[in-house]
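Listed below, chain by chain, are the residues.
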Amino acid sequence: LTPLHNNHSAHNTLGYYLTCVDKKKPKGGTYDLVSCDQLAAEKLGGKTRYSSLEISGESKNFMSRDKSGKPIPGFTDPLAIYNKLFSNGKVSLEERRQMIRRERSIMDAFRDQSRSFERKISKTDKEKLDEYFTSIRHIEKNLTKAETWADVPRPKPGVPAPKKGLQGTEQIKATYDLMIIAMQTDMTRVISYQQPIERIIRELKLGSGHQLSHSQKSGKAATRDVALSQLLSYLLDKLKSTKEYDGSSLFDNIILSYGSGVCWQHSISDLPVIVTGRGKGKIKAAGYVELDEKKNRLSNLWLTILQSAGLEIDKFSHSNGLIEEIRA
Amino acid sequence: MKYLLIFYLLTWPAFSGTFAQKMKPFIDKHCVSCHGEKKQEGKLRLDSLSTDLTDLDTAEQWQDILDELNAAAMPPEDEAQPSKEHFTEILELLTYNLTKAKKMHYGKKREIVMRRLNKREYINTMYELTGIRLKDTAVMGDRSTAEFDNHGEGLYVSSFLLAEYRKYAYQALDKALSKEPVKVFTYEINDFAKEKNDAVRKEAAEIKKNDFKSKRKKVKHQKLLHARLLSYLAQPDSDKGFLVEDGQEAKVKPRNGRTTLKGVKAKFKISVNGRVKNLEVGDKPYLIISKQRYIDLSELINNQKEISIDVYLKFSHTGDFPLTFHVEKAKKIKGKNHKYNKYSVEPIDPNAPKLVFNSVKIVSLEKNVIEDAFKKVFTVSKRSSETDAQYTEKIIKNFAFKAYRGRPISDRFLKILTDLYKNNVSNGRSQIDAIKEPLAIILSSPKFIYLTENSTTNSKFVSDLELAVRLSYFLWSSPPDQELYNLAYSGKLSSKQTLRSQVYSTIKRRTVSCNG
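Let's shift gears to the overall build of chain B. Along its length, chain B carries 16 helices and 13 strands. Burial status across chain B gives 43% buried among its 516 residues. Look at the contacts in chain B between residues 6 or more apart in sequence, and 72% of them connect residues 24 or more apart. Of the roughly 29200 Å² that chain B leaves accessible, carbon and sulfur atoms contribute 53%.

Residues and elements named next belong to chain B. Averaged over all residues, the pLDDT of chain B is 79; the fraction at 70 or higher stands at 84%. Overall, residues 1-16 carries pLDDT values under 50, and its contacts beyond four positions in sequence, including any with other chains, amount to twelve contacts. Across residues 512-516, where pLDDT falls below 50, the model places twelve contacts with residues more than four positions away in sequence or in other chains. Across the predicted assembly, pTM comes out at 0.65 and ipTM at 0.74.

Tallied over the entire structure, the rule returns 28 salt bridges over all chains. A single salt-bridge network, built from bridges that share partners, covers Asp237(B), Lys240(B), Arg275(B) and Lys277(B).

Let us now look at helix α5 (residues 168-184) of chain A. With 17 residues, α5(A) should cover 24 Å at 1.5 Å per step; its first-to-last C-alpha distance of 24 Å lies within 8% of that length. Count one or two residues on from α5(A) and you reach Asp186(A), which has phi positive near 55 degrees.

A few words now on a nonpolar patch on the surface. Residues and elements named next belong to chain B. Taken together, the side chains of Phe474, Leu475 and Ile507 present a nonpolar region at the surface, about 310 Å² in accessible area. Examined against the element boundaries, phenylalanine 474 turns out to sit in helix α14 (residues 464-476). Of the residues examined, phenylalanine 474 reaches a relative accessible area of 69% and is grouped as exposed.

What follows deals with the sheet that holds strand β11 (residues 321-328) of chain B. Residue and element names in this part refer to chain B. Ordered in space as β4-β11-β8-β9, the four strands form an open sheet in which the pairing is antiparallel. Here the strands that pair on one side only, and so sit at the sheet edges, are β4 (249-252) and β9 (293-296). Within the sheet, the average angular offset between the axes of one strand and its neighbour, ignoring direction, is 25 degrees. Across four bridges, β4 lies against β11 in antiparallel orientation. Across the sheet, glutamate 249 pairs through a bridge with threonine 324, a residue of β11.

This paragraph deals with the packing of aromatic side chains. Residue and element names in this part refer to chain B. Considering all chains together, one arrives at 17 aromatic pairs over all chains under this definition. Considering the side-chain rings of tyrosine 122 and tyrosine 168, the 6.0 Å spacing of their centres and the 55 degrees angle between planes classify their relative orientation as tilted. One end of the pair, tyrosine 122, is in helix α5 (residues 119-130); the other, tyrosine 168, is in helix α6 (residues 159-176), with 46 residues separating them in the sequence. No difference in accessibility class separates tyrosine 122 from tyrosine 168, as the two residues are buried. Here the aromatic rings of tyrosine 165 and tyrosine 168 are separated by 6.5 Å at their centres, their planes lie at 80 degrees, and the arrangement is edge-to-face.

Examined against the element boundaries, Phe413(B) turns out to sit in helix α11 (residues 411-426). The buried category is assigned to Phe413(B), whose relative accessible area is 4%. Each C-alpha atom of the pair Phe413(B) and Ile442(B) lies 9.5 Å from the other, and the pair is 29 residues apart in sequence. If near-sequence neighbours (up to four positions away) are discounted, Phe413(B) is found in contact with Ala109(A), Phe110(A), Gln113(A), Tyr404(B), Ile441(B) and Ser445(B).

The next point concerns helix α8 (residues 219-241) of chain A. Quick reminder: α-helices carry 3.6 residues per turn. Residues three or four places apart thus point the same way. Residues and elements named next belong to chain A. End to end, α8 covers 33 Å across 23 residues, agreeing with the expected 33 Å (1.5 Å per residue, within 8%). Within α8, burial applies to Ala221, Arg224, Ala227, Leu228, Leu231, Leu232, Leu235, Leu236 and Leu239. The elements touched by buried residues of α8 are α5, α6 (197-203), α7 (209-214), α9 (250-253), β3 (256-259) and β4 (273-276).

What follows is about the side chain of Ser56(A). For Ser56(A), the location among the structural elements is in strand β1 (residues 53-56). Taking relative accessible area as the criterion, Ser56(A) reaches 1% and is therefore assigned buried.

For the rest of this paragraph, the subject is the pairing of strand β12 (residues 354-364) of chain B. Residues and elements named next belong to chain B. Burial analysis of β12 places ten of its eleven residues in the buried class, which makes it a mostly covered element. As paired strands, strand β2 (residues 186-189) and β12 are joined by four bridges and run antiparallel to one another. Residue pairing for β12: glutamate 188 is matched across the bridge by lysine 361. The sheet contact formed by strand β3 (residues 242-245) and β12 spans four bridges and is antiparallel. In the sheet register, valine 244 faces β12, and the bridge partner there is leucine 355. As judged from the ten bridges shared by strand β7 (residues 265-277) and β12, these two strands associate in the antiparallel manner. Paired with asparagine 273 across the two strands is serine 359, which belongs to β12.

Moving on, we come to the nonpolar core. Residues and elements named next belong to chain B. By size, the foremost hydrophobic cluster in this structure holds 91 residues, and its most contacted members are Tyr122, Ile442 and Phe448. Element by element, the count of residues in this core is highest for α6, at nine residues. Filtering out sequence-adjacent residues up to four positions away, tyrosine 122 remains in contact with Leu117, Leu134, Val139, Tyr165, Tyr168, Ala169 and Phe448. Membership of the second largest hydrophobic core comes to 41 residues, among which are Phe192, Leu287, Val311 and Val356.

Residue and element names in this part refer to chain A. In this fold, glutamate 140 is placed in helix α4 (residues 123-149). Glutamate 140 gets classed as buried once you look at its relative accessible area, which sits at 15%. Filtering out sequence-adjacent residues up to four positions away, glutamate 140 remains in contact with Arg104, Met107, Asp108 and Arg111.

Residue and element names in this part refer to chain A. Mean pLDDT for chain A: 82, with 88% of residues reaching 70 or above. Confidence over residues 4-8 falls short of pLDDT 50; this stretch has 25 contacts with residues more than four positions distant or in other chains. pLDDT under 50 marks residues 26-30. Its contacts with residues more than four places away, or in other chains, come to four contacts.

With that out of the way, let us pick up a negative patch on the surface. On the surface, a cluster of negative charge is made up of Asp270(A), Glu290(A), Asp292(A), Glu293(A), Glu325(A), Glu77(B), Asp78(B) and Glu79(B). Of the residues examined, Glu293(A) reaches a relative accessible area of 62% and is grouped as exposed.

What counts and what doesn't
- Residues numbered from 1 in each chain as written.
- Chains lettered and ligands numbered in written order.
- Predicted model: local features only at pLDDT ≥ 70, side-chain atom pairs only at ≥ 80, totals over all residues.
- Heavy atoms only, no water.
- Helix = DSSP H or I, 4+ residues; strand = E, 2+ residues; numbered from the N terminus.
- Buried < 20%, exposed > 50% of the residue type's maximum accessible area, 1.4 Å probe, protein only.
- Contact = heavy atoms within 4.5 Å.
- Areas by Shrake-Rupley, 256 points an atom, 1.4 Å probe, with all protein chains shown as cover.
- pLDDT = per-residue confidence, 0-100.
- Salt bridge = Lys/Arg side-chain N within 4 Å of Asp/Glu carboxyl O.
- Expected span 1.5 Å × (residues − 1).
- Patch = residues over 30% accessible without salt bridge, like charges linked within 9 Å, V, L, I, M, F, W, Y side chains within 5 Å.
- Pairing = 2+ DSSP bridges.
- Axes fitted to C-alpha atoms, helices over the stretch in contact; angles between N-to-C directions.
- Phe/Tyr/Trp six-rings, centres within 6.5 Å; stacked < 30°, edge-to-face > 60°.
- Core = buried A, V, L, I, M, F, W, Y, C linked by side-chain atoms within 4.5 Å.
- Lys, Arg positive; Asp, Glu negative; His and termini not counted.
- Charge placed at Lys NZ, Arg CZ, Asp CG, Glu CD.

Following this line, the structure appears as structure tokens:
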């Protein structure tokens, strides 16, 4: 699969993985700035406490993009995810309501304050300030959500909190566990996760990821891929063994896309992607699928997944069709 | 540094000089038949394309080419393909040169954009305001989009980051206003002589036990090493301290229970006890601590004594703390250079300059940091005529004035914050606890997070205050100090002369503690 985005930065191929945006035609509607997970969150997040969960193993890089194409940062440490999902901070309902109200008034005050310099600044600065207002609006949206959820008790995670500052394999496993619990307890229905690959590569003593992509020998890359596949199979096994209230497994009800933003070197064509999960019967196992060159677009995959997840859209970025091979 | 140099030597000629020489033949061979003089598919002509990437249009066209190549869209499948090796080389060459060109083109012909503090500035500013230096790893990183980390376009703000700012502020304030005794890190080697001698004896015994056989070293070498160890012990004063030769490192790994100093940046008090002997007249002895600071050991020449200094230190990620004895010779000896080398077995000269290293003590000064921090927030003490509310209002107002870099807080916002404080107190929180919230809010408010300038919109001159802020963040990545503020308020800073002298005097005044 090939995303049609430009290689904005040779080393940040994942930056536009989920958007497939073409930098040169960002406006005009055809090319979305928003990443597919955020689009899904808008639709699927209405009924859950958190509309989406963004995780990245490295605190600098995040894949999700909001509607204006700005990166959405999220959690790195599994412990932080655990606390966000399951910790209530031991306050009473009334106190929590009060806190939310207070937070609203603070946001109002912040908006006032930024307006006071809005009048005096130049046009380009206004764009910068818009970014700020968007963030404030986002916080307020979350507050509204927190308000509606304030009297709903949080589910018990059933597992102890992970250790602080886990790294590498441990970090990935703990994150997988939390992703599963988050889905099982229906805290959220959309999760994006960028794995700390560099750390894994270092753990395996294979040099750096950059070297690995540029290396002509494939032995080291295979070692990495085996290690990552073992982790993936850990996740899949857990998804299959985790039962939902109706007796089905989590695996039956999710769609998981697993892939990489770079093929070799800086090349972003022919990216390998694994799609799994049964998506409530909307997705089927199809083995190895090689797509027709004309339909070989990553945006087609996102469109297929989004449609299967119940979104009523017929286009995503530069998509030109669905991937029928994996549709059940 | 060595590796860096080698890297540059290898890559520089390969990439920079030959860009045109290598790209041209590739383009001619694989592209020009469809995008050349006779035929211009997609209205694209590449045979006449310049290779001067300093031109923005040209660079953008090359970026298009790179995108096509990376996406494996060109050359078309039915045309002759370049070999994988050649293709790899071309891709790397193009990527490298375009990355370089991109950095050059970034930010050109643009006005100064209002931007938020970057990570380094944020940590330094928080330190100036609260006296607490947040850990580098604890603060979210910026995504750099250009060669500079203060490039406004890349410094995004998101709701997540805004929430994080509040958390960081609480972290700092919790620490700054804590009344609990602070853990003080102490590490001490009391009897360096015993420690060293024990280690030497153990090593010697080990060699003998293995009958001078070693996997890595020859028997002859082992025997020499053994003799050297014994001669170390036979030296005079070997029972009084670790005998450190000129240029030798005494390795120390500070540890206090489970706490190590890996990657720590903080102020420390270092006490060294010892005596320097066998110096010639005019020689100057130093102890280089952690390869960063020199302590003058002149006082210790033939005189056992303890000296201490307060230093700001950055520990490496290993937590090692090397102490190097160094003698600045009055007379330079030509020719032979007697340097201690741990791989060669040189006999020990008992008459060479030596530091008889008795003991060392490392104490972190965090306790003082907290006292300073408290004073930074509570700048004035409460007058007896003031009510608690009046006093708090004053504290919040002063804090905001500093946080907003010399701009006052609006009355409305101040009222919200003081109301918050009162509310917290009436909810049974302690006064110290209650004031944290308004302060944390100030530290996550737009006027603090953003560096804004009002005057640049309508005129090309900035105000004195803005100039002070610019100067300070440019030189130290931190807010102006009081003297700079005073000059700005008096309107003197913008005169050319004052500005010039200020640049020099502030550099002198503010030592390099704002590293990061």
